[in-house]
Amino acid sequence: MSYKSDLLHRAMEKQVLKFGTFTLKSGRQSPYFFNSGNFTHGADLSALANSYAETIISMNIEFDVLFGPAYKGISLAAITAAKLYEKTGKSYGFAYNRKEAKTHGEGGNLVGAEMERQRVLLLDDVITAGTAIREAISFLEPKHVQLAGIVLLLDRQERVDPAVNESTIGKLKVEYKVPISSILTLDDIVEFTKSELSIKESDAMDAYRGKYQAK
């Protein structure tokens, strides 16, 4: 079983991937929802880390530090750094931000490996409109880092503007001029679940893709 299939099996089993009616942060009404926070046990986290590591290795890019934006990105960066060491023998740093700056102890809003003038690979889970990615990059810019790339768990393959056939990832690639990869895409979900969905669920997915999916 490929790491993608294994991850999708786990996503269905653990209710990470759900079908119904959901309101996204963008305000769009979606017939499916993917919540990586429901990967809550060791075996699932190991599979998740393996998927990130395999995707990063296949990108063949140079970087020094994995950065995971709070909150979900924190565990993603940690488990991926460990899995990459296991698979490649390379010990990459990992770091994350605090939502609120700490005023005591070491202070600040950054925790983990030194990132000043380092090549940083940004990890996140699901991308729709790209708002969280832009916020993370804005946080990194004052640190004078070199953004080496972005790795995502799921690309919903949605158009930023329903009237323009340009995906969020496509726009980010042009905007930041870095490689961007995702472990899973909406197409992967549709292919994997085509025999699992009811007619109503399948019709809702088709309608949503027709309205929002970038070709």
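See the structure shown above.
As the structure is a prediction and not an experimental result, all values here were calculated from the model. (Residues numbered from 1 in each chain as written. Predicted model: local features only at pLDDT ≥ 70, side-chain atom pairs only at ≥ 80, totals over all residues. Heavy atoms only, no water.)

A. The arrangement of helix H2 (residues 42-59) in detail. Taking 1.5 Å per residue as the helical rise, H2 with its 18 residues ought to reach 26 Å, and the 26 Å between its terminal C-alpha atoms agrees with that figure. The set of residues buried in H2 consists of Asp44, Ala47, Leu48, Ala49, Ser51, Tyr52, Ala53, Thr55, Ile56 and Met59. Where H2 is buried, its residues contact helix H1 (3-13), strand S3 (65-68), helix H3 (72-88), strand S6 (119-127), strand S7 (146-155) and strand S8 (180-185). (Helix = DSSP H or I, 4+ residues; strand = E, 2+ residues; numbered from the N terminus. Expected span 1.5 Å × (residues − 1). Buried < 20%, exposed > 50% of the residue type's maximum accessible area, 1.4 Å probe, protein only. Contact = heavy atoms within 4.5 Å.)

B. Inspection of the packing of aromatic side chains at higher detail. Within this structure, the stated rule accounts for five aromatic pairs. Measuring from centroid to centroid gives 4.1 Å for Phe63 and Tyr92, while their planes differ by 20°, and the two rings are stacked. Linking Phe63 in the loop between H2 and S3 with Tyr92 in the loop between H3 and strand S4 (93-102), this pair joins segments that are 29 residues apart in sequence. Each member of the pair Phe63 and Tyr92 is classed as buried. Ring centres of Tyr208 and Tyr212 lie 4.9 Å apart, and the angle between their planes is 55°; on these two criteria the pair is classed as tilted. Of the two residues, Tyr208 and Tyr212 both sit in helix H7 (residues 199-212), four residues apart, roughly one turn of that helix. By the burial criterion, Tyr208 is buried, and Tyr212 matches it. Over the aromatic face of Phe139 sits the side chain of Lys143, whose NZ or CZ is 4.9 Å from the ring centroid. Seen from the ring of Tyr32, Arg156 lies directly overhead, with NZ or CZ sitting 4.2 Å from the centre. (Phe/Tyr/Trp six-rings, centres within 6.5 Å; stacked < 30°, edge-to-face > 60°. Lys NZ or Arg CZ within 6 Å of the ring centre and 35° of its normal.)

C. Inspection of unusual backbone geometry at higher detail. Cis geometry marks the peptide bond from Ala70 to Tyr71; its omega dihedral reads 5°. Along the chain, the position of Tyr71 falls in the loop between S3 and H3. Phi is positive for Gln15, close to 60°, though the residue is something other than glycine. Mapped onto the fold, Gln15 is located in the loop between H1 and strand S1 (17-23). Accessibility expressed as a relative area gives 42% for Gln15, which makes it partly exposed.

D. Molecular detail of the nonpolar core. Core analysis: the biggest nonpolar cluster contains 39 residues, and Tyr32, Phe34, Phe63 and Leu66 have the highest contact counts within it. Examining the composition of this core, we find that six residues originate from one element, H2, more than from any other. When residues no more than four places from it in sequence are discounted, the contact partners of Phe34 are Ala11, Val16, Leu17, Val126, Leu153, Leu154, Leu184 and Ile189. Membership of the second largest hydrophobic core comes to 19 residues, among which are Met115, Leu122, Phe139 and Ile150. (Core = buried A, V, L, I, M, F, W, Y, C linked by side-chain atoms within 4.5 Å.)

E. Here's a closer look at the pairing of S3. A two-sided burial pattern is seen for S3, the buried positions comprising Val65 and Phe67 on one face and Leu66 and Gly68 on the other. Of the strand pairs in this sheet, S3 and S6 are connected by three bridges, and their pairing is parallel. Looking at S6, one finds that Val65 is bridged to Val120. (Pairing = 2+ DSSP bridges.)

F. Expanded view of H7. The terminal C-alpha atoms of H7 lie 20 Å apart, and with 14 residues this matches the ideal 20 Å at 1.5 Å per residue to within 8%. Every buried residue of H7 is accounted for by Met205, Tyr208 and Tyr212. The arc enclosing the buried residues of H7, seen along the axis, measures out at 65°, which places them on a common side. More than 90 degrees from the buried face of H7, the exposed residues found are Ile199, Lys200, Ala207, Gly210 and Lys211. The elements touched by buried residues of H7 are S1, strand S2 (29-34) and helix H6 (186-193). (Arc of directions from axis to C-beta.)

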